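Fold and geometry: a report
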Amino acid sequence: MRTEQPKTIYLKDYRQPDYWIDETHLTFELFEDHALVHSRLSVRRNSEQGASLPALVLDGQHLQLVSVALDDRPLAAADYQLDAEHLTLHPASAEFELAITTRIEPQNNTALEGLYKSGGMFCTQCEAEGFRKITYYLDRPDVMSRFTTTVIADRGDYPVLLSNGNPVASGEHEGGRHWVTWEDPFPKPAYLFALVAGDLVLIQDSFVTMSGREIDLRIYVEPENREQCGHAMDSLKRSMRWDEEVYGREYDLDIFMIVAVNDFNMGAMENKGLNIFNSSCVLAHPDTATDMAFQRVESVVAHEYFHNWSGNRVTCRDWFQLSLKEGFTVLRDSQFSADMNSATVKRIEDVTSLRANQFAEDAGPMAHPVRPDSFIEISNFYTLTVYEKGSEVVGMLHTLCGPDGFRRGTDLYFERHDGQAVTCDDFVKAMEDANDLDLTQFKRWYSQAGTPRLDIDGHWDASSGEFRLLCRQSCPPTPGQSEKLPFVIPLRMALLDSQGQEMPLQLAGEAQACGKETVLAVTEAEQVFVFSGLTEEPLPSLLRGFSAPVKMSYPYSRDDRVFLAKHDPDGFNRWEAAQALAVEVMQGLVAMAQAGRPLMLDQRMVDVYRSVLSDPELDPAMVAEIIRLPSEAYLVELAEQADIDAIHKVREAMRHELALALQDDMLAVWQRLAVPQPYSPDAASVARRSLKNTLLGYLMLTRSEEVVAACVRQFIEANNMTDRQAALIALVNSGFEQQKQAALTEFAAQWQNYPLVMDQWFSVQAACSLPGGLERVQALMQHPAFTLRNPNKVRAVIGAFANQNLVNFHRLDGAGYVFLADQIITLNRLNPQIAARLMTPLTRWRKYDPVRQGLMQAQLQRIRSTEDLSADVYEVVSKSLA
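The present account deals with the structure reproduced in this document. Since the model is a prediction, treat every value here as computed from it, not as a measurement.

**Quick notes on the overall build of the protein**
Summing up its helical and strand segments, the protein has 27 helices and 31 strands in all. Relative to the 2.2 N^0.38 estimate, which gives 29 Å for 882 residues, the radius of gyration of the protein is 28 Å and therefore close to what a compact globule would have. Its C-alpha atoms give the protein principal-axis dimensions of roughly 85 × 70 × 60 Å. Within the protein, the 121 negative side-chain charges are centred at a point lying 3 Å from the centre of the 82 positive side-chain charges.

**Brief notes about the packing of aromatic side chains**
Scanning all chains against the criterion turns up 41 aromatic pairs. Pairing Trp761 with Phe762 gives two aromatic rings, centres 5.4 Å apart and planes at 70°, and the pair type is edge-to-face. On the basis of relative accessible area, Trp761 is assigned to the buried category, the value being 8%. Judged by centre distance (6.2 Å) and plane angle (75°), the rings of Phe762 and Phe786 are edge-to-face. Of this pair, Phe762 sits in helix α19 (residues 755-766) while Phe786 sits in the loop between α20 (773-780) and α21 (791-804), placing them 24 residues apart in sequence. For the pair Phe762 and Phe786, one class covers both residues: buried. Over the ring of Phe186 we find Lys272, and its NZ or CZ is 4.6 Å from the ring centre. The cationic tip of Arg317 hangs over the ring face of Tyr14; the distance from NZ or CZ to the ring centre is 3.8 Å.

**Considerations on the packing of helix α23 (residues 815-830) against helix α26 (residues 850-864)**
Two numbers describe how α23 lies on α26: the axes approach to 10 Å, and their chain directions differ by 15°. Taken together, the axes of α23 and α26 are roughly parallel relative to one another. Remark: the crossing between α23 and α26 carries right-handed chirality. Taken together, the residues of α26 that come into contact with α23 (itself represented by Tyr817, Val818, Ala821, Asp822, Ile824 and Ile825) are Arg852, Leu855, Met856, Gln859, Arg862 and Ile863. Split by residue class, the contact of α23 with α26 holds 8 nonpolar, 1 polar and 3 charged.

**Details of the side chain of Arg544**
Note on placement: Arg544 falls in the loop between β30 (539-542) and β31 (551-553). Within the structure, Arg544 has its side chain in polar contact with the side chain of Glu502 (distance 2.6 Å). The contact partners of Arg544, leaving out residues within four places of it in the chain, are Arg492, Met493, Ala494, Leu496, Glu502, Glu517, Asp568, Pro569, Asp570 and Asn573.

**Let's talk about the pattern of salt bridges**
With the rule as written, the count across this model stands at 67 salt bridges. The salt bridge involving Arg40 is made with Glu97; its shortest N-O contact spans 3.5 Å. In this pair, Arg40 sits in strand β3 (residues 35-45) while Glu97 sits in strand β9 (residues 95-104), placing the two residues 57 residues apart along the sequence. For Glu97, a relative accessible area of 25% translates into the label partly exposed. Glu250 is the partner of Arg213 in a salt bridge, and the nearest nitrogen-oxygen pair spans 3.7 Å. Within this pair, whereas Arg213 is found in the loop between β17 (201-208) and β18 (214-221), its partner Glu250 is found in the loop between α1 (230-247) and β19 (255-261), the two being separated by 37 residues in sequence. Residue Arg213 is classed as partly exposed on the basis of its relative accessible area, which comes to 27%. Connected via shared salt-bridge partners are Arg558, Asp559, Arg561, Glu584, Asp602 and Arg604.

**Examining the sheet that holds strand β8 (residues 86-89)**
Strands pair in a sheet through their backbones, by hydrogen bonds, and they do so in one of two ways: parallel or antiparallel. In spatial order, the strands read β4-β8-β7; together these 3 strands make up an open sheet with antiparallel pairing. In this open sheet, the two edge strands, each paired with only one partner strand, are β4 (56-59) and β7 (81-82). Pairing of β4 with β8 involves 4 bridges; the strand directions are antiparallel. Within the sheet, the bridge partner assigned to Asp59 lies in β8 and is His86.

**Looking at the side chain of Arg574**
Looking at where Arg574 falls in the secondary structure, it is placed in helix α9 (residues 571-594). Note on Arg574: relative accessible area 9%, which makes it buried. A polar contact is formed between the side chain of Arg574 and the side chain of Asp615, at a distance of 3.3 Å. Non-local contacts of Arg574, meaning those with residues more than four positions away in its chain, are made with Leu564, Ala565, Lys566, His567, Asp568, Asp615 and Leu618.

**Topic: helix α27 (residues 871-881)**
Turn by turn, an α-helix covers 3.6 residues, leaving residues three or four places apart pointing in a common direction. Across the 11 residues that make up α27, a large majority, 10, are buried. Taken together, the buried positions of α27 are Ala871, Asp872, Val873, Tyr874, Glu875, Val876, Val877, Ser878, Ser880 and Leu881. Check the buried side of α27 and you find it contacts β23 (374-375), α23, α24 (832-837), α25 (840-843) and α26.

**Some details on the pairing of β30**
Every other side chain in a regular strand lies on the same face of the sheet, so the side chains alternate between the two faces. The alternating pattern of β30 places Leu539 and Ser541 on one face and Pro540 and Leu542 on the opposite face, and all of these are buried. Looking at chain direction, strand β27 (residues 489-496) and β30 are connected through 4 bridges and run antiparallel. Counterpart to Met493 in the pairing with β30 is Leu542.

**Section: the pairing of strand β2 (residues 19-30)**
When β2 meets β3, the two strands line up antiparallel, connected through 11 bridges. Across the sheet, the residue bridging to Thr27 is His38, located in β3. Between β2 and β3, which follow one another and run antiparallel, lie 4 residues. Both β2 and strand β12 (residues 146-154) contribute to a ladder of 7 bridges, which runs parallel. Among the inter-strand pairings, Phe28 is bridged to a residue of β12, identified as Val151.

**Points about the environment of Asp426**
Tracing the chain through its elements places Asp426 in helix α6 (residues 424-435). Taking relative accessible area as the criterion, Asp426 reaches 24% and is therefore assigned partly exposed. As a C-alpha pair, Asp426 and Arg416 span 10 residues in sequence and 9.4 Å in three-dimensional space. Excluding residues within four positions of it along the chain, Asp426 makes contact with Tyr413 and His417.

**A short note on the sheet that holds β31**
Taken in spatial order, the 4 strands line up as β29-β26-β25-β31 in an open sheet, and their pairing is mixed. Edge strands, defined here as strands with exactly one partner in the open sheet, are β29 (526-531) and β31. Between one strand axis and the next, the sheet turns by 20° as a mean value, whatever way the strands run. Summarising the sheet, strand β25 (residues 453-461) and β31 pair through 3 bridges and their orientation is parallel. When the sheet's bridge partners are listed, Leu454 is paired in β31 with Met552.

**Quick notes on helix α10 (residues 603-613)**
Turning to α10, its buried residues are Met605, Val606, Val608, Tyr609, Val612 and Leu613. Buried residues of α10, viewed axially, fall in a sector of 165°; they line one side. Buried residues belonging to α10 abut α8 (558-567), α9, α11 (620-626), α13 (644-661), α14 (663-673) and α15 (683-699). Structurally, the start of α10 carries an N-cap: the backbone nitrogen of Arg604 is 2.9 Å from a side-chain oxygen of Asp602.

Rules and cut-offs
Residues numbered from 1 in each chain as written. Predicted model: local features only at pLDDT ≥ 70, side-chain atom pairs only at ≥ 80, totals over all residues. Heavy atoms only, no water. Helix = DSSP H or I, 4+ residues; strand = E, 2+ residues; numbered from the N terminus. Rg over C-alpha atoms; globule rule 2.2 N^0.38 Å. Lys, Arg positive; Asp, Glu negative; His and termini not counted. Charge placed at Lys NZ, Arg CZ, Asp CG, Glu CD. Phe/Tyr/Trp six-rings, centres within 6.5 Å; stacked < 30°, edge-to-face > 60°. Buried < 20%, exposed > 50% of the residue type's maximum accessible area, 1.4 Å probe, protein only. Lys NZ or Arg CZ within 6 Å of the ring centre and 35° of its normal. Axes fitted to C-alpha atoms, helices over the stretch in contact; angles between N-to-C directions. Parallel < 35°, antiparallel > 145°, perpendicular 65-115°, else oblique. Left-handed = near helix turned anticlockwise from the far one by under 90°. Contact = heavy atoms within 4.5 Å. Nonpolar A, V, L, I, M, F, W, Y, C, P; charged D, E, K, R; others polar. Polar contact = N/O pair within 3.5 Å; in protein donor to acceptor, adjacent residues only side chain to side chain. Salt bridge = Lys/Arg side-chain N within 4 Å of Asp/Glu carboxyl O. Pairing = 2+ DSSP bridges. Arc of directions from axis to C-beta.

See below:
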């Protein structure tokens, strides 16, 4: 059991550091059983903090201090204080040189923070507080320094030596070793430091910027992955051009490098000039990666590149401001992906994830504002709220300012703050000043937690031709915030006539109609908008494009939803109407299942799906999204008390009934799409495969021998992993045991030497909702390709089971909870970040029935009582039980 409570850090306590570090010179001597890190720092007193000379307190963890010297004077142990987390020195002057040597053991660093070994490669991960595991330093984002780094290692084992910036010198070293020196001319915080040493191959290209500079583009991977980097390189060049055209941002160094690493806690890291990526976010080849993986590579490459300005050139003052860089950059990568593919489908994908996952986070014990007020362990706040909701907040600024106004605001932001560490308020201030707006109330999105509710009613007055919209907003209590003030909610909307056409919009008091779509700013707890000059009763199309991250309600009838699903000119809202109809039908069926009544499918669902399948004008990817039922996770999030067994039963029964009712329609479209074609990752081809494989999943539910044979044939003959994996998923979930086992055996035999492909093999089985899920997962963990030390494997097996296989994870005997707690306790010692992230399903115990609540609480209490509990896990479990 943990005997002391970790310290809570508060935003209100922020103060500038007592000292700045202007220059940082690092020399790494890398060996197989240790590394020596020599740092030389140019330090000066922060004059804004006074003229006295307080102690200099440097951060450091898991370090062996070898030596320390002030202005070349070696210090004895009596000259400083050293504890498990700090080195405290006592300077005698306002400016001085500090030299420190530390000894670390990268090969034993299973937490994957700081400097560690991944296979035969040295690499780093320093965000948020990993640099303190390399050397003693002011490890905080507002301390920005110019770095020069020399790396020394064995030439045979580590021919490639990389760090931030540009290479300025290299040479041979004694004993078959060599060295390279890198210099980064731009000041940066320590979290953006990076180092890589390994036996890597280089994929090289170039990019000419808008000012005519030629940039050397490099992707480094292990030799066997050489042929899987083309898509990442193309994505990088597209993102560089897009950022110039849309945001006016040009790259600033001579070299841009990406390195693919197999063992990585996150997706990727935007270290200045040297981005280190989880290999799953770099490697993509039609034989080994699905369309989703191709799109993820494109998105993550863009995200990390865009950070060069929104995160590196302008960074965050403190970690409470994390969304300053992450929310803004997620918006930028979403805009990029929308421009490269289908904007509507991209928006649907983002909103689907947000509502199923971030809304649940907002409703749970770890709920926090986009800019948190406090934390114990900052790694726990790399959350959907900070990233995805943060992106939605910046997106609302884009909506309120308009595209041109938003661009003026970002230009001003970069101009004002280049080379600075700033706050979310600074970003909003740039938007205010560039657009002559008062965004004081809008900033509540940064300070108030929870998902707002927007309840809307409509009233038609035929005699006056007026339609009134009454909007009421509220936000439920969240930990530490019982009362919420009204937000600024941008409500994009239109009014439709009986033919589904948009009607001219004229707000009462306006001289004339101003277009057929508008954005209403809902700023009060209760607010009325009156539209005049209408000739018939309209049907409102509300929250178009999901213009605000809220839970909206309007008293639509099922017939209204059917009409909108068939006729709304706004693609997103057409999908939303079909989803809302499905949710309403499924919630009704859950109540029927709980009452023991037979399940009767509303035929209007069949009508909507048939209409969509037969619409030749619709993007096939849109069709796939519309006919894909809401997930079990989303239905759980919507429920006051989730009956997971009934939800699973109803969703499966509904899929089966839809498949039988629409078998002929689905088969006709599937056969048209199933004609073999050369693989291409372009948007049109991805859309065709998406619909084809969605239909295959439905058709397999009919248990038609013809369809099963076609599914097996697709698995064997597919010329891409998207189609092969879709067929494997359909077979694994079908209950056709012979075909299933044959496919799994063949897949594993073919791809056993490809770790990322084996991750797919693991996750398909771990997520299978057929009975016996826990036992399958326990067996998978005995497979020789599985290891708890690799985060991708943990996510593919344990994460997929606990987060995607709800009916098996939440089995009534609680065995799923015991299993997850066992893994968290083990991982707490190996990799606390990954252990804490696995906690999420248990933190949502209040969503379930009393029996499951008790079982989940018992496992949370068992975790809390674990000896040597990390701060990462302690924070999550203690808040969950509060």
